[in-house]
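# Working through the structure, step by step
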Amino acid sequence: MTAKAFLLSHYSCSPPKNYNSNIRGRNFSFSSLYYTTGIECRGAFRLFQFGSRGLVRRNNDSWKVGADVKSKPFKIAESSESLKFEDPISDALLRKKEEGDSLEGPAWWEEFPKRWVIVLLCFSAFLLCNMDRVNMSIAILPMASEYHWSPTTVGLIQSSFFWGYLLTQIAGGIWADTVGGKAVLGFGVVWWSVATVLTPIAAKLGLPFLFVVRAFMGIGEGVAMPAMNNILSKWVPVSERSRSLAFVYSGMYLGSVTGLAFSPLLIHNFGWPSVFFSFGSLGTVWFAVWLNKAYSSPLDDPDLRPEEKKLILSSSVSKEPVKSIPWKLILSKPPVWALIVSHFCHNWGTFILLTWMPTYYHQVVLSLS
């Protein structure tokens, strides 16, 4: 607080009863304080009064004319001792700083909702899933030329992936309900990443080894979708579930675009084995982050903020683990069959294009040339 503000806060000035308005005011220098003669100032201390002849000081009810008193120059700014006022807010901040506590709030990544971290990790897992799936569609062209495979052999190699993929669709969901989505999805990513890296080695060993490795890769990717649905059903509130699932499924299509775009570049510059080695190694990076950040349920996460845990648990529908599946009742419902047929047709067209479109264009280019 400045000296001027201090003085103004303790004194109020008003003209005296015998104030003569014809008297001109004179300036008196008391730091930044100016007064007009003939004005009496009253404050908490009533230490002085302004008269027509100058500053008058009060001492035990006796007054002295300011003209008879020699004033000594005094500058508040140069005083070695200044007035100090208690400021509880400043004192609290100073104590907090002395105790070593941070005065800043938590970083933005600490405030980021943990449930959306899980969604981002599932999105990246599905991106890797389709990247590793479609790379064979591009790499099969130089592989067939190098190993002299017939179109029939190429078809068997391409379909061997779906042999394993078919086996673990239902099994993956049951396993996720039993041991948790974190373990199942983590296993799936590691399994298909290892199979992707082993593909060039298996191709050099022979066709039976390549068939087995591709089927193993299908086993790993087959558990991804049921495990993802299991973990998101526990982490994402009902009001956010549609947008989170849409975001995760978009990772599959982005993975197809990324795999089809980068595979030719890698093959052209480093050879066809580089596609499998580079794409498969990305799974280890994902798995390291998954182990550190992901949990099967909000109840298992010790670092989850209490307010977010309350939001998730209060907005989610709690269900008991499924012990028996009423297959007969499920398959007797017409909407179930409508979903099965539509999903079959969708996958038929999608995987035919992803698997055979590069081969088709390659054959068309060869025929035209």
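Residue indices follow the written sequence of each chain, beginning from 1 at its first position. Totals for whole chains, interfaces and linings use all residues, but because this is a predicted model, local features are given only for residues with pLDDT of at least 70 and pairs of side-chain atoms are given and counted only at 80 or more. Excluding hydrogens and water, the side-chain values take into account all heavy atoms of the structure.

If you look the chain up in an unreviewed UniProt entry, it shows as Sodium-dependent phosphate transport protein 1, chloroplastic from Nicotiana attenuata. UniProt positions are given in the numbering used here, feature names are shortened, and annotations may be inferred rather than shown by experiment. Checking UniProt for the chain, the heading Subcellular location (unreviewed entry) contains the comment "Membrane".

Now for the packing of aromatic side chains. Two rings belonging to Phe, Tyr or Trp (six-membered ring only in the last case) form a pair when the distance between their centres is within 6.5 Å. Interplanar angles under 30 degrees mark stacking, angles over 60 mark edge-to-face geometry, and anything in between is tilted. Taken as a whole and assessed by the stated rule, the structure comprises 16 aromatic pairs. Measuring from ring centre to ring centre gives 5.0 Å for Phe 161 and Phe 162, while their planes differ by 90°; the resulting arrangement is edge-to-face. Each residue is placed in one exposure class: buried if its accessible area under a 1.4 Å probe, protein chains only, is under 20% of its type's maximum, exposed if it is over 50%, and partly exposed if it falls in between. The exposure class of Phe 161 is buried, given its relative accessible area of 2%. The exposure class assigned to Phe 162 is partly exposed, which follows from its relative accessible area of 26%. Of the aromatic side chains, those joined through ring pairs into one cluster are Tyr 147, Trp 149, Trp 272 and Phe 276. For Lys 182, the ring lying beneath its charged end belongs to Tyr 295, and the centroid distance is 4.8 Å. Either the NZ atom of lysine or the CZ atom of arginine qualifies as a charge over a ring when it sits within 6 Å of the ring centre and within 35 degrees of the ring normal.

Let us now look at the UniProt feature "transmembrane region" (unreviewed entry) in the chain. Here the UniProt feature "transmembrane region" (unreviewed entry) sits at residues 116-136, 156-176, 183-203, 209-232, 244-266 and 272-291. Overall, residues 244-266 shows 100% helix and 0% strand. The separation of its end C-alpha atoms is 32 Å. Secondary structure counts use DSSP, requiring at least four H or I residues in a row for a helix and at least two E residues in a row for a strand, with both numbered from the N terminus.

Below, the discussion takes up the packing of helix H4 (residues 114-147) against helix H6 (residues 181-205). Where H4 meets H6, the closest approach of the two axes is 11 Å, and the angle between their N-to-C directions is 10°. Judged by the angle between their axes, H4 and H6 are roughly parallel. Contacts between H4 and H6 involve Cys 122, Ala 125, Leu 128, Cys 129, Asp 132, Asn 135, Met 136, Met 143 and Tyr 147 from the first element and Leu 185, Val 189, Trp 192, Ser 193, Thr 196, Thr 199, Ala 203 and Lys 204 from the second. When its residues are assigned to classes, the contact of H4 with H6 shows eleven nonpolar, four polar and two charged. For helices, the fitted axis covers only the stretch in contact; all axes are lines through C-alpha atoms, and the angles between them, taken along N-to-C directions, range from 0 to 180 degrees. Relative orientations are named as follows: roughly parallel for angles under 35 degrees, roughly antiparallel for angles over 145 degrees, roughly perpendicular for angles from 65 to 115 degrees, and oblique for any other angle. The contact criterion used throughout is that any non-hydrogen atoms of two residues lie within 4.5 Å. Each residue receives one of three labels: charged for Asp, Glu, Lys and Arg, nonpolar for Ala, Val, Leu, Ile, Met, Phe, Trp, Tyr, Cys and Pro, and polar for the others, Gly being one of them.

On to a nonpolar patch on the surface, then. Grouping into patches uses exposed residues only, defined as over 30% relative accessible area, and leaves out salt-bridged ones; the cut-off is 9 Å for like charges and 5 Å for nonpolar side chains (Val, Leu, Ile, Met, Phe, Trp, Tyr). Residue-level accessible areas treat just the shown protein chains as cover; the underlying method is Shrake-Rupley with a 1.4 Å probe. When a carboxyl oxygen of Asp or Glu lies within 4 Å of a side-chain nitrogen of Lys or Arg, that pair is called a salt bridge. On the surface, Ile 170, Ile 174, Ile 325, Trp 327, Ile 330, Leu 331, Trp 337 and Ile 340 cluster together into a nonpolar patch covering about 730 Å² of accessible area. Within the residue set of the nonpolar patch, elements represented by two or more residues are helix H5 (151-179), helix H12 (327-331) and helix H13 (334-368). Broken down by element, the nonpolar patch gets its largest block of residues, three residues, from H12. Here Trp 337 is to be found in helix H13. A relative accessible area of 44% places Trp 337 in the partly exposed class.

This brings us to H6. Working rule for helices: expected span equals 1.5 Å times residues minus one. Along its 25 residues, H6 runs 35 Å from first to last C-alpha, staying within 8% of the 36 Å computed at 1.5 Å per residue. By definition, a residue's bend is the angle between the axes fitted to the seven residues ending there and the seven starting there. The largest bend in H6 comes to about 45°, at Thr 199, with the proline Pro 200 one to four residues further on. Once H6 finishes, Gly 206 follows within two positions and takes phi at roughly 145°, a positive value.

As a further point, take helix H8 (residues 224-235). In this model, H8 (twelve residues) spans 16 Å end to end at C-alpha, consistent with the 16 Å of a helix rising 1.5 Å per residue. All buried positions along H8 are accounted for by Ala 224, Pro 226, Ala 227, Met 228, Asn 230, Ile 231, Leu 232 and Trp 235.

On to the nonpolar core, then. In terms of nonpolar packing, the biggest core is built from 55 residues, with Cys 122, Met 143, Trp 149, Leu 185, Leu 232, Trp 286 and Trp 290 touching the most fellow members. For this core, the elements supplying multiple residues, two or more each, are H4, H5, H6, helix H7 (207-222), H8, helix H9 (241-270) and helix H10 (273-293). Residues belong to one nonpolar core when they are buried, are Ala, Val, Leu, Ile, Met, Phe, Trp, Tyr or Cys, and are joined through side-chain atoms within 4.5 Å.

Glancing now at empty space enclosed by the protein. Here the term cavity refers to a set of points on a 1 Å grid, laid over the protein atoms alone, in which a 1.4 Å probe fits but cannot get out; the term pocket refers to an open set having protein on both sides within 12 Å along at least five of seven lines, with lining residues being those that place an atom within 4 Å of a point. Grid points are joined across faces, edges and corners, and a volume is the space filled by probe spheres set on the points. One pass over the structure, following the stated rule, counts three cavities of 30 Å³ or more. Here the largest cavity is characterised by a volume of approximately 80 Å³. Arg 133, Val 134, Ser 137, Gln 158, Phe 161, Phe 162, Arg 214, Phe 351, Leu 354 and Thr 355 together form the lining of the largest cavity. Where the lining of the largest cavity is concerned, the elements lending two or more residues are H4, H5 and H13. Looking at side-chain class alone, the lining of the largest cavity contains five nonpolar, three polar and two charged residues.

On to the environment of Thr 178, then. As for its position among the elements, Thr 178 is in helix H5. Take Thr 178: its relative accessible area is 61%, and that puts it in the exposed class. Residues Thr 178 and Lys 323, 145 residues apart in the sequence, show an inter-C-alpha distance of 9.7 Å. Within the structure, Thr 178 has its side chain in polar contact with the backbone oxygen of Ile 174 (distance 2.8 Å). Pairing of N or O atoms within 3.5 Å defines a polar contact, subject to two protein rules: one partner must be a possible hydrogen donor and the other a possible acceptor, and residues neighboring in sequence count only if both atoms are side-chain atoms.

Enumeration over the complete set of coordinates arrives at six salt bridges. Residue Arg 133 is joined to Glu 221 by a salt bridge in which the shortest nitrogen-to-oxygen separation is 3.1 Å. Of this pair, Arg 133 sits in helix H4 while Glu 221 sits in helix H7; the two residues are 88 residues apart in sequence, bridging distant segments of the chain. The pair Arg 133 / Glu 221 is uniform in exposure class, with both members buried.

Before going further, it helps to examine the side chain of Arg 133. Note on Arg 133: relative accessible area 7%, which makes it buried. Engagement of the side chain of Arg 133 in a polar contact is seen with the side chain of Glu 221, the distance being 3.1 Å.

Two elements in contact, H5 and H6, have axes separated by 7 Å at closest approach and are oriented at 135°. The angle between the axes of H5 and H6 places the two elements in the oblique class. Residue-level inspection shows Gly 172, Trp 175, Ala 176 and Val 179 of H5 in contact with H6, the latter providing Gly 181, Ala 183, Val 184 and Phe 187. Looking at the contact of H5 with H6 residue by residue, the class counts come to six nonpolar, two polar and no charged.

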